[in-house]
Amino acid sequence: MDKRRLGQSDIRTAPLCLGGNVFGWTLDETASFRILDEFVAAGFDFIDTADVYSTWVPGHVGGESETIIGKWFRQRNNRSRVILATKVGWLMPPDHKGLSKANIVRAVEDSLRRLQTDYIDLYQAHVDDADTALAETLGAFGDLIRQGKVRTIGASNYGAARLSEALDLAHNQGLPRYESLQPLYNLYDRADFENELAALCVERGVGVISYFSLASGFLTGKYRSQQDLAGRTRGARVGKYLNPRGSAILAALDEVAAAHSSTPASVALAWLMTRPGVTAPIASATSSEQLKALVAAADLKLDAAQIAQLEQVSG
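Report on the accompanying structure. (Residues numbered from 1 in each chain as written. Predicted model: local features only at pLDDT ≥ 70, side-chain atom pairs only at ≥ 80, totals over all residues. Heavy atoms only, no water.)

**Digging into unusual backbone geometry**
Here the amide bond leading from Tyr53 into Ser54 is cis, since omega sits at 10°, within 30 degrees of zero. As for its position among the elements, Ser54 is in the loop between β4 (46-48) and α2 (64-76). The amide bond that connects Pro93 to the next residue, Pro94, takes the cis arrangement and shows omega of 5°. Considering the arrangement of structural elements, one finds Pro94 in the loop between β5 (83-88) and α3 (101-115). (Helix = DSSP H or I, 4+ residues; strand = E, 2+ residues; numbered from the N terminus.)

Listed below in structure tokens is the structure:
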């Protein structure tokens, strides 16, 4: 499998990242282990999580996903064969948040403990913190890199102006730079990323690892009406896609998938893999069947006409 370089770092990864947001949320520990085992058995090695997963679940305090991944590392003894990404900066109950040096230093130790590891491959600023100077944030990350606790850093949910400022600051002051960006980006949600961020990432050599790559499951084709959303965990997120444009995108995905004897999910991810600057889209799975559709995307080669068709209908 072809490996892609993450930004200008020394990390090379398969072109798909497994989202860990479901571990401890819609998947218990046993089911999470099964998905993780099947993912690496298929030849993939990149897993993304965050300290805050899954605070949105009643009774959860955060760290549930990291804890499960840590137990999996310990039982499988495979930490060195996995590229691990996690995040800091979102609100961790009761009141820890932001990208101050103090919060980063506290949060990384908590994450390392839960993950049962002594280093994180990609440590990401989960959300921009306008109240903390970029120099303080990047300086704190630099300390962690020098200590061997972090290999490289990335940003998530940054706008183009702020990301550009961070890259310039890193260059001018000899600080570590963000080697990756994790934005919302998929076949439906294109405008925000493609407006300014896409060109910036290509120009500055920042690798892109998109989240909600399947639009909360909409691009799998399993949600086509309001009735399909009934009782679904992600129903509230998917409802906004149920419109004529969304239907047209699904129709195009169906057509291209049929031509390849594939699935809409595989096609949607394969399209993302063709986008300039994209290193690896992030997608999660809650069953073996779902996971098979995700990993199949890496072998799916869309032709120029199919790419143009998808871009036209979703533009």
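Back to the write-up after that little detour.
**Let's talk about the packing of aromatic side chains**
What the rule picks out here adds up to 13 aromatic pairs. Between Tyr123 and Phe141 the ring centres are 5.8 Å apart and the planes differ by 80°, which places this aromatic pair in the edge-to-face class. On the criterion of sequence distance, the pair formed by Tyr123 in strand β6 (residues 120-125) and Phe141 in helix α4 (residues 134-146) is long-range, its members being 18 residues apart. We classify Phe141 as buried; its relative accessible area is 0%. Seen from their ring centres, Phe218 and Tyr241 are 5.3 Å apart, and the 25° between their planes marks the pair as stacked. Placement of the pair is Phe218 in the loop between β9 (207-208) and α7 (235-238) and Tyr241 in the loop between α7 and α8 (244-259), with a sequence separation of 23 residues. Judged by relative accessible area, which is 1%, Phe218 ranks as buried. Residue classification places Tyr241 among the buried residues on the basis of a relative accessible area of 2%. An aromatic cluster is present here, built from Tyr123, Phe141, Tyr158 and Tyr178 joined pairwise through their rings. (Phe/Tyr/Trp six-rings, centres within 6.5 Å; stacked < 30°, edge-to-face > 60°. Buried < 20%, exposed > 50% of the residue type's maximum accessible area, 1.4 Å probe, protein only.)

**A few points about the environment of Asp143**
Among the secondary structure elements, Asp143 is positioned in helix α4. In the structure, Asp143 is positioned 32 residues away from Leu175 in sequence and 9.8 Å away in space, judged by C-alpha atoms. A polar side-chain atom of Asp143 sits 2.4 Å from a polar atom in the side chain of Arg146. (Polar contact = N/O pair within 3.5 Å; in protein donor to acceptor, adjacent residues only side chain to side chain.)

**Concerning the nonpolar core**
Of all hydrophobic cores here, the largest spans 91 residues; its most connected members are Tyr123 and Tyr178. In this structure Tyr178 touches Ala125, Thr137, Leu138, Phe141, Ile153, Gly154, Ala155, Tyr158, Leu163, Ala166, Leu167 and Val206, once residues within four positions along its chain are discounted. Counting residues in hydrophobic clusters, the runner-up holds 10 residues, among them Phe46, Leu122, Ile209 and Ile282. (Core = buried A, V, L, I, M, F, W, Y, C linked by side-chain atoms within 4.5 Å. Contact = heavy atoms within 4.5 Å.)

**With respect to the packing of α2 against α3**
When two helices pack together, their arrangement is given by the angle between their axes and by how far apart the axes lie. Two numbers describe how α2 lies on α3: the axes approach to 6 Å, and their chain directions differ by 45°. Classified by the angle their axes make, α2 and α3 are oblique. Residue-level contacts link Glu66, Thr67, Ile69, Gly70 and Phe73 of α2 to Ser111, Arg114 and Leu115 of α3. Residue composition of the contact of α2 with α3, by class: three nonpolar, three polar and two charged. (Axes fitted to C-alpha atoms, helices over the stretch in contact; angles between N-to-C directions. Parallel < 35°, antiparallel > 145°, perpendicular 65-115°, else oblique. Nonpolar A, V, L, I, M, F, W, Y, C, P; charged D, E, K, R; others polar.)

**Thoughts on the sheet that holds β5**
Across the sheet, which stays open at both edges, the eight strands sit in the order β9-β8-β7-β6-β5-β4-β3-β10 with parallel pairing between neighbours. Two strands in the sheet have a free side with no partner beyond their single neighbour: β9 and β10 (282-283). Relative to the sheet, α3 contacts β5, β6 and β7 (150-156), its axis offset from that of β6 by approximately 140°. (Pairing = 2+ DSSP bridges.)

**Here's the deal with the state of the cysteines**
Defined simply, a disulfide is a covalent bond joining two cysteines at their sulfur atoms. According to the stated counting rule, one finds zero disulfides in the structure shown. Cys17 forms no disulfide, and the closest cysteine sulfur to it belongs to Cys201, at a distance of 16 Å. Owing to a relative accessible area of 1%, Cys201 belongs among the buried residues under this scheme. (Disulfide = S-S within 2.5 Å.)

**Points about the pattern of salt bridges**
Applying the stated criterion across every chain, the model contains 21 salt bridges. Glu66 is the partner of Arg114 in a salt bridge, and the nearest nitrogen-oxygen pair spans 2.8 Å. Of the two residues, Arg114 is situated in helix α3 and Glu66 in helix α2; the sequence distance between them amounts to 48 residues. Summarising the burial analysis for this pair, Arg114 and Glu66 share the class buried. For Asp168, the salt bridge is made with Arg204, and the minimal N-O distance between the two is 2.9 Å. In this pair, Asp168 sits in helix α5 (residues 160-173) while Arg204 sits in helix α6 (residues 191-204), placing the two residues 36 residues apart along the sequence. With relative accessibility at 33%, the residue Asp168 sits in the partly exposed group. Among the ionic contacts, a cluster of salt bridges with common partners joins Asp10, Arg79, Asp121 and Arg151. (Salt bridge = Lys/Arg side-chain N within 4 Å of Asp/Glu carboxyl O.)

**Some points on the environment of Gly59**
Along the polypeptide, Gly59 turns up in the loop between β4 and α2. We classify Gly59 as exposed; its relative accessible area is 78%. Linking Gly59 and Ala248, residues 189 residues apart in sequence, is a C-alpha distance of 39 Å.

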